[in-house]
Amino acid sequence: PKGIILLPHWTICDAEEAPSRKVTGEAKYFIKDYVLVMPDYIGYGVTGERMHPYLHGELTARNTVDMMLYCRQILDSMALGIPTDSIFIVGYSQGGATALWTLKLIEEQYAESIHVRKCFAGGSPCDVANIYDEAVRHNAVSVPPEIPMLVLGTSASYGLNLKSEDFFTPAMIRAYDMYIVPKKKSLIQLYFLMPNHKLTHWMTPAGMDKTQPETKRFYDAMLRSSLVHY
């Protein structure tokens, strides 16, 4: 192998899409030439019963770096001659944001033991709060399943105990229970199962108003999850 790529994956919804279950789409570009280190995010794999902390940068970065540190021990023990102190980081979409958070964590805590040769981050949602602002401003959402993943994942990550009925319309609550909770549908499948792209179809007026107390708590947490505000 030419080296090691730390490859946090993009948004998934189906538990069977986790790296421990299958070769993910982005991995196919590199798998012939590199050792790939690909963590299951919290909420998938052995932690599949837990809520995934969607777009929580610090948690997912720690998740990713812990995997790298453990895999380095394994690779060193195999004596393959691969330098395990020098890596590439590659990520797209959610993986792109995770790649940048991971770079930040390594620079702050592991700079002496892990050298990042290059970090490639594509389509990265690094300003989560602004994505929310734009969705509200235009009453439009490109991928409706990501709404409850973000609200409930943020709530779980920061211990906010947000209530679904404060944020979601009955249509979203039904769709969430039917399609998202079981973790058996891919994001593409959910895209077609939830075809309405008006935000008002899925979110309550209070959930779209960040002056409301509960929504303000959610918005403040999104600021903490936005790398550009961090």
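Remember, it's a predicted structure, so these values are computed and weren't measured experimentally.

S.K.: Describe the side chain of Gln94, and please don't skip the residues or the numbers.
M.R.: Locating Gln94 in the fold gives a position in helix H2 (residues 94–109). Looking at Gln94, the relative accessible area reads 2%, which means it is buried. Within the structure, Gln94 has its side chain in polar contact with the side chain of His52 (distance 3.0 Å). Once residues lying within four places of it in the same chain are set aside, the contact partners of Gln94 are His9, Trp10, Thr11, Tyr41, His52, Tyr54, Leu55 and Pro125.

S.K.: An account of the packing of aromatic side chains is needed here, citing residue identities and associated values.
M.R.: This model, assessed by the stated rule, comprises seven aromatic pairs. For the pair Tyr34 and Phe88, a centre-to-centre distance of 6.1 Å together with 85° between the ring planes defines the contact as edge-to-face. Separated by 54 residues along the polypeptide, Tyr34 in the loop between strand E1 (4–6) and strand E2 (35–37) and Phe88 in strand E3 (residues 86–92) bring together distant segments of the chain. By way of ring pairs, the aromatic residues Tyr132, Phe167, Phe218 and Tyr219 are connected into one cluster. Looking at Lys183, its charged tip hangs above the ring of Tyr44, at a distance of 5.1 Å from the centre.

S.K.: Before we move on, could you go through the pairing of E3 and cite the residues and values that matter?
M.R.: Burial of E3 is extensive: six of the seven residues sit out of reach of the surface. With three bridges joining them, E1 and E3 adopt parallel strand pairing. Counted as the bridge partner of Ile5 is Phe88 from E3. Both E3 and strand E4 (residues 115–122) contribute to a ladder of seven bridges, which runs parallel. Paired with Ile87 across the strands is Val116, a residue of E4. For the crossover that starts at E3, traverses H2 and ends in the parallel E4, the hand is right-handed.

S.K.: Lay out the sheet that holds E2 in plain terms, naming residues and giving numbers.
M.R.: Strand order in the open sheet formed by four strands is E2-E1-E3-E4, with parallel pairing between adjacent strands. Two strands close off the open sheet at either side, each with one partner strand: E2 and E4. Sheet twist, expressed as the average angle between the axes of neighbouring strands with direction ignored, equals 25°. Contacting E1, E3 and E4, H2 runs over the sheet at an angle of about 150° to E3.

About the criteria used
Residues numbered from 1 in each chain as written. Predicted model: local features only at pLDDT ≥ 70, side-chain atom pairs only at ≥ 80, totals over all residues. Heavy atoms only, no water. Helix = DSSP H or I, 4+ residues; strand = E, 2+ residues; numbered from the N terminus. Buried < 20%, exposed > 50% of the residue type's maximum accessible area, 1.4 Å probe, protein only. Polar contact = N/O pair within 3.5 Å; in protein donor to acceptor, adjacent residues only side chain to side chain. Contact = heavy atoms within 4.5 Å. Phe/Tyr/Trp six-rings, centres within 6.5 Å; stacked < 30°, edge-to-face > 60°. Lys NZ or Arg CZ within 6 Å of the ring centre and 35° of its normal. Pairing = 2+ DSSP bridges. Right-handed = clockwise from strand over helix to strand, strands pointing away. Axes fitted to C-alpha atoms, helices over the stretch in contact; angles between N-to-C directions.

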